[in-house]
Amino acid sequence: MLRAAVTGRSVAGQVFLLQVVIVLLLVVAAVVAQVLQVRRDSDTEAGNRSLAVAETFANAPGTAAALRTPDPTKVLQPKAEAVRKATGVDFVVVMTTDGIRYTHPKPDRIGKKFVGTIAPAVAGGTVTEHVTGTIGPLVQVVVPVKDSAGKVVGLVSAGITTAHVGGAADQQLPLLLWAAAAALALATGGTALVSRRLLRQTHGLGPHEMTRMYEHHDAVLHAVREGVLIVGDDARLLLANDEAHRLLGLPEDAERRSVLELGLDDETAALLASGRVATDEVHLVKDRLLAINQRPTDLRGGPAGSVTTLRDSTELRALSGRAEVARERLNMLYDAGVGIGTSLDVTRTAAELAELAVPRFADFATVDLFDAVLHGEEPRPGTALRRAAGAGVREGSPLYPVGEHIRFVATSPQARSLTTGQSVVVPRLRDAPGWRAQNPERTDQVLEFGIHSLITVPLRAGSLVLGVANFWRSEKPEPFDSEELALAEELVARAAVSIDNARRYTREHSMAVTLQRSLLPRTLPEQGALDLAYRYLPAQSGVGGDWFDVLPLSGARVALVVGDVVGHGLHAAATMGRLRTAVHNFSSLDLPPDELLGLLDELVGRIDQDETSADGSAAITGATCLYAVYDPVSRRCTLARAGHPPPAVVHPDGSVEFPEVPAGPPLGLGGLPFETAELELAEDSRLVLYTDGLVEDRDRDIDEGLELLRDALSRTPDASPEETCRMVLDRLPARPSDDVALIVARTRVLGADRVAEWQVPSDPAAVSEVRASVTRTLTEWGLEELDFTTELILSELVTNAIRYGRAPIGVRLLRERTLICEVSDASTTSPHLRYAASTDEGGRGLFLVAQLADRWGTRYTPSGKIIWAEQPLP
């Protein structure tokens, strides 16, 4: 029996071996602990001895005084060596406060730097550290040497290797090992006796028998939440837990009986008796659906038989169904968070709510909003609602269609929900007289269509009720319940926030659009130099600062301008209005394009400064502009641009050109001049001005956009400006990402038959000749009615030019929409209109001109000035 206990073939043998190993580990641990303790004691002893030697030498009489002698080494080296030999330490080193050695067992190291930490000792403390030197691991101590005043004048270090103080431990180790061997022998004997007794108590069961016993009990222990049966190979029930008794309705004495005698149905009893493998087989046992899994127990050398587990799938399926419903509702709420409110459009947001709810939550869903909400205003209770969105699983429902105005009667669920702000559930519409009172004919049609249950939830955003959301059920026979009401309220609450955000955006967008539209030209002014067409396309979101204008100038000339203010919103629209007003004012001065852009640049810079000083931020306005002046007489077009895309010119033959116009910096940067370019345009040429939204967006760069524009223009060689605008914009998306302003101007020419010019000598007598020439010209043009006023105007202007100006002096008549008289000279002196006193001999000429002409003014040229006056044609 003892041999069986120590061979390890039985449980007792395995216990014996385990206890022997434990005793060995304890003995080894004791030896290791003893060795470590000895080493620790050695380190402590080494430190104490080094400290005692160092402090004794440092405090010895004469040490401090020797450090002040001219040669401290001569005095201290013999003493240090004597102390070292007497105390058994490995070294005694005296050094300066900088660590330079005065003494050392090896004289060749005197005068060299001490290796170790000395800073605490210099400060008056003591340093003890473990280092590994050339003689092995050692403990060294550094202490200060102080004079009579307590000042540290030097340092003393003493050290000893731990091997020199560990001899006693080496002598104790053999004794310790003998004691450990004796303890091991005693423990082994005791363990053998215990194992022999254990072998006797287990009746000699080997590992296989113990394993089988463990597997049976483990199967029961870890399957307590399911029914567990263990059936032997003879079809007798060996074990059944409480859950198996409950599920199968087994009798109390079922164990040790054949499973065929337990009153089970034939199919289930045959399965248990066969012992075959079964996986999730569903059997009807009395009133329960049981999922049965069965496996043999002898797969790994166990006893013959089978183990069977039972699960009540009736309860499990109900639980999984509820979990699936909860998961679907969570998914729906998640989808609502990411799928409702994708745009800032009220109607689209309402449609997203209806589309999300059908068919996952309801069979039909409708959203009714106050009309004011659809226009961005706050809802006005008591007014009619409009059906903003609807969705359903079937077409042709008799519910109110989308777009229809609805005024709910007071007894309807929708009216109660709007009044109280609370949700209303109507489980059975057929039994709800308040709902049927809304429209008896239509409600009967709704019931016939199969809709039988309703949830109405108010769309609340803070204190505002924006409308109601209605969820209708027809396919599922069960009415809506309280859990579905909670889900509906959660869905609507999320949608209401998005609808209110869209409403606020609609209001602000409408305000900005109204402001922008009021600042853009509504009609183009009358002029005869250009045949014009224009387009303005707002961006997908927000209001931009793109603008354009057509400005008639003196001398039948016309100015075209397009610009773009950086950013979107009210700020950009307001800045655009200020710039457009400024261009109007500056153009009235008849300034060249480069000078006008220079003034605009200063204005934008001042706007930036004002805004920065007002709120402390440094938000730069930034704007671009292209200004062009076309003269129908000379067919010349003068252009300048500030950070704006270049214009396009379509020649009469259909070729397209982007002329080189010097690209100045955007407005507001300041410091750089603008340059002009001059083009000579043939009659019927088309000048195309645009903003960057036409040729540039997130999907293409400006070079690609210019090529697309060139292609669109080249396809319309004979098109009118209106047709050109349409064909160009047909190549853009319906709602571009940025504003687009486009002007197409076809040039006209004021022919020689409508222009008359004369050079006038600087002689007052020449005025009569001018009058005669003008009379003849007006007669040829059929404008005899204007003879008197024209002669008077030119007489005064030519006389002033001769008297106050400089040669050469010229006169020009233009017959356009008006009769234009121009007198030019080389002087830059500007005449001023004033009231002449009764005693003045002159000063009434310009006053008469202003009274006789509709408009008059002065414009400057590189060679002087031109005074002009316009008269309406008869």
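To be clear, the structure that these remarks concern was listed above.
A few points on the structure. Since the structure is predicted, the reported quantities are computational estimates derived from the model, not experimental observations. (Residues numbered from 1 in each chain as written. Predicted model: local features only at pLDDT ≥ 70, side-chain atom pairs only at ≥ 80, totals over all residues. Heavy atoms only, no water.)

1. A word on the side chain of Glu 816
Point 1. Topologically, Glu 816 is positioned in the loop between β28 (809-815) and β29 (818-825).
Point 2. Taking relative accessible area as the criterion, Glu 816 reaches 10% and is therefore assigned buried.
Point 3. Polar side-chain contacts of Glu 816 include one of 2.9 Å to the backbone nitrogen of Gly 528.
Point 4. Discounting chain neighbours no more than four positions away, the residues touching Glu 816 are Gln 527, Gly 528, Ala 529, Ala 556, Leu 750, Arg 754 and Leu 873. (Helix = DSSP H or I, 4+ residues; strand = E, 2+ residues; numbered from the N terminus. Buried < 20%, exposed > 50% of the residue type's maximum accessible area, 1.4 Å probe, protein only. Polar contact = N/O pair within 3.5 Å; in protein donor to acceptor, adjacent residues only side chain to side chain. Contact = heavy atoms within 4.5 Å.)

2. What to know about the sheet that holds strand β11 (residues 385-392)
Point 1. If you trace the six strands from one edge of the open sheet to the other, you get β12-β11-β10-β15-β14-β13, paired in antiparallel fashion. Each of the sheet's edge strands pairs with one partner strand only, and the pair in question is β12 (405-406) and β13 (424-426).
Point 2. Lying on the sheet, helix α11 (residues 346-357) is in contact with β10 (364-370), β11, β14 (453-461) and β15 (464-473); it crosses β11 at an angle near 35°.
Point 3. The strands touched by helix α13 (residues 413-420) are β10, β11, β13, β14 and β15; relative to β14, the strand with the most contacts, the crossing angle is about 25°. (Pairing = 2+ DSSP bridges. Axes fitted to C-alpha atoms, helices over the stretch in contact; angles between N-to-C directions.)

3. As for the sheet that holds strand β27 (residues 755-760)
Point 1. With antiparallel pairing, the five strands of this open sheet are ordered in space as β27-β28-β29-β31-β30. Each end of this open sheet is capped by a strand with a single partner; those strands are β27 and β30 (855-861). Strand after strand, the sheet turns through a mean of 15° between neighbouring axes, direction not considered.
Point 2. Where β30 meets strand β31 (residues 864-872), seven bridges bridge the pair, whose relative direction is antiparallel. Its bridge partner being in β31, Trp 856 is matched across the sheet by Ala 869.
Point 3. With respect to the sheet, helix α21 (residues 766-781) is in contact with β27, β28 and β29, its orientation differing from that of β27 by roughly 170°.
Point 4. Sheet contacts for helix α22 (residues 787-804): β27, β28, β29 and β31; angle to β29, the most-contacted strand, approximately 15°.

4. So, a negative patch on the surface
Point 1. Together, Glu 696, Asp 701, Asp 703 and Glu 704 line one region of the surface with negative charge.
Point 2. Locating Glu 696 in the fold gives a position in the loop between β25 (686-690) and α19 (702-714).
Point 3. A residue is classified by how much of its surface remains accessible, and Glu 696, at 36% relative accessible area, is partly exposed. (Patch = residues over 30% accessible without salt bridge, like charges linked within 9 Å, V, L, I, M, F, W, Y side chains within 5 Å. Areas by Shrake-Rupley, 256 points an atom, 1.4 Å probe, with all protein chains shown as cover. Salt bridge = Lys/Arg side-chain N within 4 Å of Asp/Glu carboxyl O. Lys, Arg positive; Asp, Glu negative; His and termini not counted. Charge placed at Lys NZ, Arg CZ, Asp CG, Glu CD.)

5. A few points about the packing of aromatic side chains
Point 1. Within the structure shown, the criterion is met by five aromatic pairs.
Point 2. Taken together, the ring pairs connect Phe 361, Phe 471 and Phe 480 into an aromatic cluster.
Point 3. Seen from the ring of Phe 449, Arg 394 lies directly overhead, with NZ or CZ sitting 4.1 Å from the centre.
Point 4. Directly above the ring of Phe 480 sits Arg 473, whose terminal nitrogen or CZ lies 4.2 Å from the centroid. (Phe/Tyr/Trp six-rings, centres within 6.5 Å; stacked < 30°, edge-to-face > 60°. Lys NZ or Arg CZ within 6 Å of the ring centre and 35° of its normal.)

Everything listed is a geometric property; what it means functionally is a separate question.
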